[in-house]
Each structure stands twice: as C-alpha cells, then as structure tokens.
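# Structural overview
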Amino acid sequence: MGSATAKPIQSVERALRILEQFTLSEPKINLSDLAKKTGLKRTTCYGIAETLLKNKYLNYDESTGKYSLGVSNYILGQIYAQSMEIRAIASPYINQLAEKYQTAVHLVVPDGYDAVYIDKVGETESFRILSRVGKRAELFAAAISKVVLAYQEESVLDQLLSKPMPRYTSNSITDPFTFRQMLNDVREKKIAIDNEELDVGLVCIATPIENNKGTLIAVISVSGISEKMLEQKKAIESDLLQCASNIKQTIGDVL
C-alpha cells in the first residue's frame, strides 16, 4: 500500500484535479472555466463533474450554471480533523495501557457503521495482530466494531443483520437475535468483548469514548492472548472505562 511505483488511475487524477480548482477566492466555477483550468475536454470535464455531483462532492446551481464543493468534502474533512485531534488526546492513555499490560492497544473512529483504526501501540507476546492504521475492522466479530454498531440506529442494524453474518471461528456470533442482545449489553455496560470470535487465541476488550453530548467519538481497545486477557479482564475493563472517562473530560464539547 502507498507504493510510489503504483500506476496512477487517470480518471481519479482528473476528478481530483477538478476538486482542487475550488478555492476561497473562487468557490464557484462554471463548466467552461473548469475545463480550461484543468486542461480537460469539456465533455470529459462534464462527465466527471456530474459523477462528483451525484456523490455529493460537487453542488450545482442551475441559476448561475456554476459548480461548488459539496458536503461530502466537508464530511471527509471533519473525519480527518476529528481523528487527528482525538489521536493526540488519547495518545498518552493508550501508551500507558500498552505499557501496563504489555500488549496491543488500538484507537479507532467510527465512519458510519464501520470502525477505522487511527492508532496502534504495542503488540502481543505470541503472535502479530493483523491490524493497521487506516484499516477497517471486521464488522461483527471485532470488539471495536461491536461498540460502533451499538451506537447505530435500529434501521441500520435491521439492514446489516438481514444478511448472513460471517463465521470466523466457532465462537463467532452468527444469530441476529443473539447479536442484538449482545449490543444491548454493550450499551448498558460500555464494554464490548471479542472472545476469540475473530481469531482463535485472541481476546479483545473495547470501550466507547463519548463527548459530553453522548456522541460516539472513538473506541479504545486492548487486545492480547486469550488466557492472559481473561485473567486480567476486570482490571482491563476498569482501566479502559477510566481512560474513556478521562478523555471525555478533556474533549468535552470540542469534538
């Protein structure tokens, strides 16, 4: 990933070139000017602009015939800004947890109903956890994903649980009713557990980080070999809840 030798995709480069033409001094641009600025043929520019419009990366004002940046750019910007700020705030806490338990600690942010890793500190003693910054967690089995799903609207859960649930191990929860009961426990206790549901021998414990409005901002988790994690389960849960509380006091209403 991120290889400098990868061949660029021309259509993506052209779409980015169009988006980059909008500035604070020139927030609205018509099609002819967009084509001139980007060096694209008018028909090509129109096709890409309409695709960006459909996906809300551009707006179009029929009264002026001009395009402007759409709300999708704002949403991505907010996710980026929030993830970077929460990462800085949470950094000392996740480092303390990794040092105390000598295992892996993760920080993720919600992106819709997905959980996206934005930080990882430490590692397990016996095997490497296949997580990395930027990766999306497995939807139903990972403890961090369970936390994110616990904050979703019922309509979203109805849609997700209408499809077959994957079985990664013999411990994976594949029954929608049982999964909903588990999510109720997560909402009540503010703790989610992956008890070898994703990888045999691996246990993960996670807790939500909320702002003062009760909005889910991030999730913090501790992962390690099952025997060690289960022996220290109560202590880990207590420390996670305390970390989440401390971070919440720091972020307040800012995020």
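See the structure above.
Quick summary incoming for the structure in this document.

Reading the values: the criteria
Residues numbered from 1 in each chain as written. Predicted model: local features only at pLDDT ≥ 70, side-chain atom pairs only at ≥ 80, totals over all residues. Heavy atoms only, no water. Phe/Tyr/Trp six-rings, centres within 6.5 Å; stacked < 30°, edge-to-face > 60°. Buried < 20%, exposed > 50% of the residue type's maximum accessible area, 1.4 Å probe, protein only. Helix = DSSP H or I, 4+ residues; strand = E, 2+ residues; numbered from the N terminus. Expected span 1.5 Å × (residues − 1). Arc of directions from axis to C-beta. Contact = heavy atoms within 4.5 Å. Axes fitted to C-alpha atoms, helices over the stretch in contact; angles between N-to-C directions. Parallel < 35°, antiparallel > 145°, perpendicular 65-115°, else oblique. Disulfide = S-S within 2.5 Å. Pairing = 2+ DSSP bridges.

Moving on: the packing of aromatic side chains. Scanning all chains against the criterion turns up 2 aromatic pairs. When the ring of Tyr60 is compared with that of Tyr67, the centres are 4.9 Å apart and the planes differ by 50°; the resulting orientation is tilted. By relative accessible area, Tyr67 is classed as buried at 2%.

Here we come to helix H3 (residues 42-54). For H3, built from 13 residues, the straight-helix expectation of 18 Å at 1.5 Å per residue is met to within 8% by its first-to-last C-alpha distance of 18 Å. For H3, the set of buried residues is Cys45, Ile48, Ala49 and Leu52. For H3, the angular spread of the buried residues around the axis is 100°, confining them to a single face. Exposed residues lying more than 90 degrees from the buried face of H3 are Thr43 and Lys54. Packing partners of the buried residues in H3 comprise helix H1 (10-19), helix H2 (31-38), strand E2 (58-61) and strand E3 (66-69).

Bringing the packing of H2 against H3 into the picture now. What describes two packed helices is the angle between their axes and the distance between those same axes. One way to put it is that H2 packs onto H3 with a least axis distance of 9 Å and a crossing angle of 110°. Judged on the interaxial angle alone, H3 and H2 are roughly perpendicular. Seen from H2, the contacting residues are Leu31, Ser32, Leu34, Ala35 and Thr38; seen from H3, they are Arg42, Cys45 and Tyr46.

Quick look at the state of the cysteines now. In the structure shown here, the tally under the stated rule is 0 disulfides. Cys243 supplies the cysteine sulfur nearest to Cys204, a cysteine that is in no disulfide, at a spacing of 14 Å. The class of Cys204 is buried, set by a relative accessible area of 7%.

Attention now moves to the sheet that holds strand E8 (residues 216-225). Across the sheet, which stays open at both edges, the 5 strands sit in the order E5-E4-E8-E7-E6 with antiparallel pairing between neighbours. Edge strands, defined here as strands with exactly one partner in the open sheet, are strand E5 (114-121) and strand E6 (192-195). With strand direction ignored, the average angle separating the axes of adjacent strands in the sheet is 25°. Alignment of E6 against strand E7 (residues 202-210), held across 4 bridges, turns out to be antiparallel. Looking across to E7, one finds that Ile193 is bridged to Ile205. Running over the sheet, helix H9 (residues 233-251) touches E6, E7 and E8 and is turned about 25° from E7.

It is worth spelling out the sheet that holds E3 at this point. Judged by pairing direction, the sheet is antiparallel, and its 3 strands sit side by side in the order E1-E3-E2 without closing on themselves. Where the open sheet ends on each side, the last strands, each with one partner, are strand E1 (28-30) and E2. Sheet twist, expressed as the average angle between the axes of neighbouring strands with direction ignored, equals 35°. Pairing geometry for E2 and E3, over 4 bridges, is antiparallel. Bridging across to E3, Asp61 finds its partner in Lys66. Seen against the sheet, H2 touches E1 and E3 and runs at an angle of roughly 90° to E1.

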